[in-house]
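Here are the chains, one letter per residue:
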Amino acid sequence: AVQLAERLMEALHQPFEVAGTQLTTSASIGITFSTFGYTLPEEVLRDADIAMYRAKAAGKARHALFDAGLHEQVSERVHLEGELRRAIEHGQLSVAYQPLFNLGSGRLTGFEALARWQHPTQGLISPATFIPIAEESALIGPLTDFVLDSACHQLKLWQARSEAFSDLTMQVN
(Lines give C-alpha, C1' and ligand atoms only; values in the text may rest on other atoms or scores of the structure.)
Protein backbone atom coordinates (compact mmCIF):
# COMPACT_ATOMS: atom_id res chain seq x y z
CA ALA A 1 0.00 0.00 0.00
CA VAL A 2 2.83 2.38 0.84
CA GLN A 3 4.66 1.63 -2.42
CA LEU A 4 1.43 2.13 -4.38
CA ALA A 5 0.85 5.48 -2.63
CA GLU A 6 4.38 6.61 -3.46
CA ARG A 7 3.97 5.58 -7.12
CA LEU A 8 0.64 7.41 -7.31
CA MET A 9 2.11 10.58 -5.79
CA GLU A 10 5.01 10.44 -8.27
CA ALA A 11 2.60 10.05 -11.20
CA LEU A 12 0.49 12.97 -9.99
CA HIS A 13 3.58 15.13 -9.62
CA GLN A 14 4.42 14.83 -13.34
CA PRO A 15 3.59 18.10 -15.16
CA PHE A 16 0.69 18.14 -17.62
CA GLU A 17 -0.75 20.79 -19.90
CA VAL A 18 -4.23 22.32 -19.81
CA ALA A 19 -5.18 24.99 -22.37
CA GLY A 20 -1.53 25.80 -23.00
CA THR A 21 -0.60 26.09 -19.33
CA GLN A 22 1.70 23.58 -17.66
CA LEU A 23 0.36 22.37 -14.30
CA THR A 24 1.51 20.01 -11.57
CA THR A 25 -0.54 18.50 -8.81
CA SER A 26 -0.05 16.46 -5.67
CA ALA A 27 -2.06 14.32 -3.30
CA SER A 28 -2.28 13.49 0.36
CA ILE A 29 -3.11 9.82 0.84
CA GLY A 30 -4.48 8.03 3.88
CA ILE A 31 -3.89 4.30 4.25
CA THR A 32 -5.56 1.79 6.54
CA PHE A 33 -5.41 -2.00 6.69
CA SER A 34 -7.97 -4.78 6.99
CA THR A 35 -6.28 -6.00 10.20
CA PHE A 36 -8.41 -3.51 12.13
CA GLY A 37 -11.39 -5.85 11.61
CA TYR A 38 -13.71 -3.54 9.68
CA THR A 39 -17.26 -4.76 9.14
CA LEU A 40 -18.57 -1.85 7.04
CA PRO A 41 -17.04 -0.04 4.07
CA GLU A 42 -17.81 3.27 5.79
CA GLU A 43 -15.42 2.34 8.61
CA VAL A 44 -12.59 1.77 6.13
CA LEU A 45 -13.25 5.10 4.42
CA ARG A 46 -13.50 6.91 7.78
CA ASP A 47 -10.11 5.67 8.95
CA ALA A 48 -8.43 6.24 5.58
CA ASP A 49 -9.83 9.78 5.67
CA ILE A 50 -8.47 10.29 9.19
CA ALA A 51 -5.04 9.12 7.99
CA MET A 52 -5.28 11.44 4.97
CA TYR A 53 -5.82 14.43 7.26
CA ARG A 54 -2.77 13.36 9.26
CA ALA A 55 -0.80 13.35 5.97
CA LYS A 56 -2.11 16.83 5.13
CA ALA A 57 -1.15 18.12 8.56
CA ALA A 58 2.42 16.87 8.03
CA GLY A 59 2.71 18.80 4.76
CA LYS A 60 1.61 18.43 1.18
CA ALA A 61 2.18 15.42 -1.05
CA ARG A 62 2.52 12.84 1.72
CA HIS A 63 0.94 9.61 2.83
CA ALA A 64 0.09 8.48 6.35
CA LEU A 65 -0.91 5.20 7.94
CA PHE A 66 -3.93 4.89 10.21
CA ASP A 67 -3.40 3.59 13.74
CA ALA A 68 -5.79 3.17 16.66
CA GLY A 69 -4.26 6.10 18.55
CA LEU A 70 -5.08 8.36 15.64
CA HIS A 71 -8.77 7.46 15.95
CA GLU A 72 -8.71 8.54 19.61
CA GLN A 73 -7.04 11.86 18.71
CA VAL A 74 -9.63 12.56 16.02
CA SER A 75 -12.50 11.66 18.36
CA GLU A 76 -11.18 14.16 20.92
CA ARG A 77 -10.78 16.81 18.21
CA VAL A 78 -14.35 16.25 16.96
CA HIS A 79 -15.62 16.53 20.54
CA LEU A 80 -13.66 19.76 21.07
CA GLU A 81 -15.02 21.13 17.77
CA GLY A 82 -18.57 20.61 19.02
CA GLU A 83 -17.76 22.33 22.28
CA LEU A 84 -16.09 25.23 20.44
CA ARG A 85 -19.21 25.61 18.31
CA ARG A 86 -21.34 25.83 21.47
CA ALA A 87 -18.88 28.25 23.08
CA ILE A 88 -19.12 30.60 20.09
CA GLU A 89 -22.92 30.33 19.94
CA HIS A 90 -23.33 30.98 23.69
CA GLY A 91 -20.76 33.78 24.03
CA GLN A 92 -18.34 31.75 26.15
CA LEU A 93 -15.21 33.11 24.45
CA SER A 94 -13.42 36.26 25.46
CA VAL A 95 -10.86 38.67 24.07
CA ALA A 96 -7.67 39.60 25.92
CA TYR A 97 -6.03 42.92 25.10
CA GLN A 98 -2.26 43.10 25.09
CA PRO A 99 -0.93 46.68 25.21
CA LEU A 100 1.45 47.89 22.50
CA PHE A 101 4.01 50.58 23.29
CA ASN A 102 6.33 52.78 21.26
CA LEU A 103 9.73 51.63 22.50
CA GLY A 104 11.33 55.02 21.87
CA SER A 105 8.84 57.12 23.83
CA GLY A 106 7.33 54.48 26.08
CA ARG A 107 3.91 55.77 24.97
CA LEU A 108 0.93 53.42 24.67
CA THR A 109 0.03 53.18 20.96
CA GLY A 110 -2.64 50.51 20.93
CA PHE A 111 -3.57 46.95 21.71
CA GLU A 112 -3.50 43.50 20.19
CA ALA A 113 -6.77 41.58 20.50
CA LEU A 114 -6.33 37.87 21.30
CA ALA A 115 -9.08 35.24 21.35
CA ARG A 116 -9.34 33.25 24.58
CA TRP A 117 -11.42 30.22 25.53
CA GLN A 118 -12.00 29.37 29.17
CA HIS A 119 -13.56 25.91 28.92
CA PRO A 120 -15.97 25.14 31.79
CA THR A 121 -14.27 21.84 32.71
CA GLN A 122 -10.88 21.83 30.95
CA GLY A 123 -9.87 25.36 31.92
CA LEU A 124 -8.04 27.70 29.57
CA ILE A 125 -7.63 26.09 26.14
CA SER A 126 -4.67 27.36 24.17
CA PRO A 127 -5.35 29.26 20.94
CA ALA A 128 -2.78 26.90 19.39
CA THR A 129 -5.37 24.17 20.03
CA PHE A 130 -8.69 25.84 19.19
CA ILE A 131 -7.72 28.16 16.30
CA PRO A 132 -6.70 25.26 13.98
CA ILE A 133 -9.95 23.49 14.87
CA ALA A 134 -11.87 26.66 13.98
CA GLU A 135 -9.95 26.99 10.70
CA GLU A 136 -10.67 23.42 9.63
CA SER A 137 -14.33 23.32 10.67
CA ALA A 138 -15.76 26.55 9.19
CA LEU A 139 -15.95 28.07 12.69
CA ILE A 140 -13.20 30.56 11.87
CA GLY A 141 -15.74 32.96 10.34
CA PRO A 142 -17.94 33.25 13.44
CA LEU A 143 -14.84 33.30 15.68
CA THR A 144 -13.29 36.11 13.60
CA ASP A 145 -16.56 38.06 13.65
CA PHE A 146 -16.71 37.77 17.44
CA VAL A 147 -13.11 38.95 17.94
CA LEU A 148 -13.45 41.82 15.42
CA ASP A 149 -16.75 43.00 16.94
CA SER A 150 -15.35 42.83 20.48
CA ALA A 151 -12.08 44.55 19.56
CA CYS A 152 -13.74 47.37 17.62
CA HIS A 153 -16.27 47.97 20.39
CA GLN A 154 -13.54 48.06 23.06
CA LEU A 155 -11.30 50.35 20.99
CA LYS A 156 -14.19 52.78 20.51
CA LEU A 157 -14.78 52.84 24.28
CA TRP A 158 -11.11 53.55 25.00
CA GLN A 159 -10.88 56.24 22.32
CA ALA A 160 -14.01 57.96 23.68
CA ARG A 161 -12.63 57.92 27.23
CA SER A 162 -10.07 60.68 26.61
CA GLU A 163 -8.61 62.78 23.81
CA ALA A 164 -5.24 61.27 24.79
CA PHE A 165 -6.52 57.87 23.64
CA SER A 166 -8.10 59.02 20.36
CA ASP A 167 -5.25 57.71 18.20
CA LEU A 168 -5.01 54.25 19.79
CA THR A 169 -4.97 51.39 17.29
CA MET A 170 -6.10 47.78 17.49
CA GLN A 171 -4.39 44.78 15.94
CA VAL A 172 -6.48 41.64 15.79
CA ASN A 173 -4.72 38.30 16.04
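It should be emphasised that the depicted structure is a prediction, and the values quoted were computed from it without experimental measurement. (Residues numbered from 1 in each chain as written. Predicted model: local features only at pLDDT ≥ 70, side-chain atom pairs only at ≥ 80, totals over all residues. Heavy atoms only, no water.)

Draft legend 1. Spatial organisation of the nonpolar core. Membership of the largest hydrophobic core comes to 22 residues, with the highest contact counts inside it found for Leu84, Leu93, Trp117, Phe130, Leu143 and Met170. When residues of this core are traced back to their parent elements, those giving at least two are helix 3 (68-89), strand 5 (93-101), strand 6 (108-119), helix 4 (127-136) and helix 5 (140-161). Element by element, the count of residues in this core is highest for helix 5, at 5 residues. Ignoring any residue separated from it by four or fewer positions in sequence, one finds Leu143 in contact with Ile88, Leu93, Ala115, Phe130, Ile131 and Ala134. (Core = buried A, V, L, I, M, F, W, Y, C linked by side-chain atoms within 4.5 Å. Buried < 20%, exposed > 50% of the residue type's maximum accessible area, 1.4 Å probe, protein only. Helix = DSSP H or I, 4+ residues; strand = E, 2+ residues; numbered from the N terminus. Contact = heavy atoms within 4.5 Å.)

Draft legend 2. Main features of the layout of surface pockets. The computed volume of the largest pocket comes to approximately 470 Å³. Contributing to the lining of the largest pocket are 15 residues, with Tyr53, Arg54, Val74, Arg77 and Glu136 lying nearest its centre. Within the residue set of the lining of the largest pocket, elements represented by two or more residues are helix 2 (41-58), helix 3 and helix 4. Residue composition of the lining of the largest pocket, by class: 7 nonpolar, 2 polar and 6 charged. Here the second largest pocket is characterised by a volume of approximately 170 Å³. (1 Å grid on protein atoms, 1.4 Å probe; cavity = no way out; pocket = protein on both sides within 12 Å on 5 of 7 lines; lining within 4 Å. Points joined across faces, edges and corners; volume = space filled by probe spheres on them. Nonpolar A, V, L, I, M, F, W, Y, C, P; charged D, E, K, R; others polar.)

Draft legend 3. Just the packing of aromatic side chains, in detail. By the definition in use, this model includes 5 aromatic pairs. Judged by centre distance (5.2 Å) and plane angle (80 degrees), the rings of Tyr97 and Trp158 are edge-to-face. With Tyr97 in strand 5 and Trp158 in helix 5, the pair connects residues that are 61 residues apart, well separated along the chain. Among the aromatic residues, ring-to-ring pairing joins Phe36, Tyr38 and Phe66 into one connected group. (Phe/Tyr/Trp six-rings, centres within 6.5 Å; stacked < 30°, edge-to-face > 60°.)

Draft legend 4. Inspection of the pairing of strand 5 at higher detail. Bridging between strand 5 and strand 6 involves 9 bridges; their strand directions are antiparallel. In the strand pairing of strand 6, Leu100 is matched with Gly110. Here strand 5 hands over to strand 6 after 6 residues, with Gly106 in that stretch at a positive phi of 80 degrees. (Pairing = 2+ DSSP bridges.)

Draft legend 5. Quick look at the environment of His71. With respect to the element layout, His71 can be found in helix 3. Sequence separation of His71 and Ala51 is 20 residues, and the distance between their C-alpha atoms is 8.9 Å. Look past the residues within four positions of His71 in its chain and what remains in contact with it is Arg46, Asp47, Ile50 and Phe66.

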